[in-house]
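Structure assessment
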Amino acid sequence: MVLGRNLVRSVQPLVDFVYPPRCPSCGLAIAAQEGLCSDCWSTLDVPPVVEAGEGAVPVYAATCYNETSRKLVLAYKHGGRIALSRLLARLIAARMPMTDSGSAPLLLVPVPLHRCRLWQRGFNQAALLARELERFGKGQAEVAALVRHKRTPNLGGLGRDERERVLRGAIRLDPAYARELKGRHVVLVDDVLTSGATSRACIAAMAQAQPAGIALACFAQVDAGHCLRHP
Ligand SMILES: [Zn+2]
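Below is a summary of the structure that appears in this document. (Residues numbered from 1 in each chain as written. Predicted model: local features only at pLDDT ≥ 70, side-chain atom pairs only at ≥ 80, totals over all residues.)

Attention shifts here to the sheet that holds strand 3 (residues 140–141). Read from one edge to the other, the open sheet built from 5 strands follows the order 1-7-6-2-3, with strand pairing classed as parallel. Of all the strands in the sheet, the pair left with one neighbour each is strand 1 (59–64) and strand 3. Bridge count between strand 1 and strand 7 (residues 213–221): 5 bridges; the pairing is parallel. Paired with V59 across the two strands is L216, which belongs to strand 7. Contacting strand 1, strand 6 (185–193) and strand 7, helix 4 (residues 84–93) runs over the sheet at an angle of about 125° to strand 1. (Pairing = 2+ DSSP bridges. Helix = DSSP H or I, 4+ residues; strand = E, 2+ residues; numbered from the N terminus. Contact = placed C-beta atoms within 7 Å. Axes fitted to C-alpha atoms, helices over the stretch in contact; angles between N-to-C directions.)

Here we come to the nonpolar core. Counting residues in each nonpolar core, the largest one holds 53 residues, and the members touching the most others are L88, I92, V109, L188 and V189. Of all the secondary structure elements, the ones that give two or more residues to this core are strand 1, helix 3 (67–77), helix 4, strand 2 (107–110), helix 6 (125–135), strand 6, helix 9 (197–207) and strand 7. Dropping the residues within four chain positions of it, L88 is found in contact with A62, L72, Y76, L129, D191 and F219. (Core = buried A, V, L, I, M, F, W, Y, C linked by C-beta atoms within 7 Å. Buried ≥ 20, exposed ≤ 12 C-beta atoms within 10 Å, placed from the backbone.)

Let us look at the pairing of strand 2. Side chains L107 and V109 project from strand 2 onto one buried face, and the interleaved L108 and P110 project onto a second face that is buried too. Here strand 2 pairs with strand 3 via 2 bridges, running parallel. Bridge pairing links L107 to Q140 in strand 3. Where strand 2 meets strand 6, 4 bridges bridge the pair, whose relative direction is parallel. Residue pairing across strands places V109 opposite L188, the latter belonging to strand 6.

Our focus in this paragraph is unusual backbone geometry. You will see that Q210, though not glycine, has its phi angle at about 55°, which is positive. In this structure, Q210 sits in the loop between helix 9 and strand 7. Exposure remark for Q210: the 11 C-beta atoms within 10 Å place this residue in the exposed category.

Across the interface, helix 7 (residues 160–167) lies against helix 9 with an axial gap of 9 Å and an inter-helix angle of 40°. What the angle tells us is that helix 7 and helix 9 run oblique. The handedness of the crossing between helix 7 and helix 9 comes out as right-handed. For the pair formed by helix 7 and helix 9, the contact residues are R160, R163, E164 and L167 on the first element and A197, T198 and A201 on the second. A class-by-class count of the residues in the contact of helix 7 with helix 9 yields 3 nonpolar, 1 polar and 3 charged. (Parallel < 35°, antiparallel > 145°, perpendicular 65-115°, else oblique. Left-handed = near helix turned anticlockwise from the far one by under 90°. Nonpolar A, V, L, I, M, F, W, Y, C, P; charged D, E, K, R; others polar.)

See the structure below:
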């Protein structure tokens, strides 16, 4: 259910009374429902924007992966704080290029979850971010464009080659979207950008539709500063 702005405003004091706002990172009481305490704000690091270059994929990352951003992602993904999607998306949106009203909107494509994982968690954290980015006017969310066919094990602890092998063929573009992606600028959306193996599998799948360009948007980037190469 989507509440109107006025209704949200009128019930806000009640919400604050029943659920006193707490910093989603450290748990300290804060003044408003959406945001972080000032200490946690000051510990969020912002990585450099990686612009399109010689074969490089531009990366729009809100923060570097550190203790604070890790806690935020955990609260969002596993702690039932789904409403954090708005805060995280707002920080990502601030890193994305200005939207040009004359051109076709960016297509915001989330990294897909396998349906078993989706069923367990109840939501795809990347898809919620893509929808929020759409609300911030950053493009058009296409949350079903990529499909994860194979259930992949947790990739942590696997080497780079092993991750690539596991992910090969696991992620595909839904053929119904091939025509829509062709010639468009596409942004792959995820909460955390880690090894790049998952992103590379998504990029390879989308590249088959011959988009005009592919970029990445994420909340937290591990190993910020590295750049991904087009397949
Ligand atoms: Zn805090």
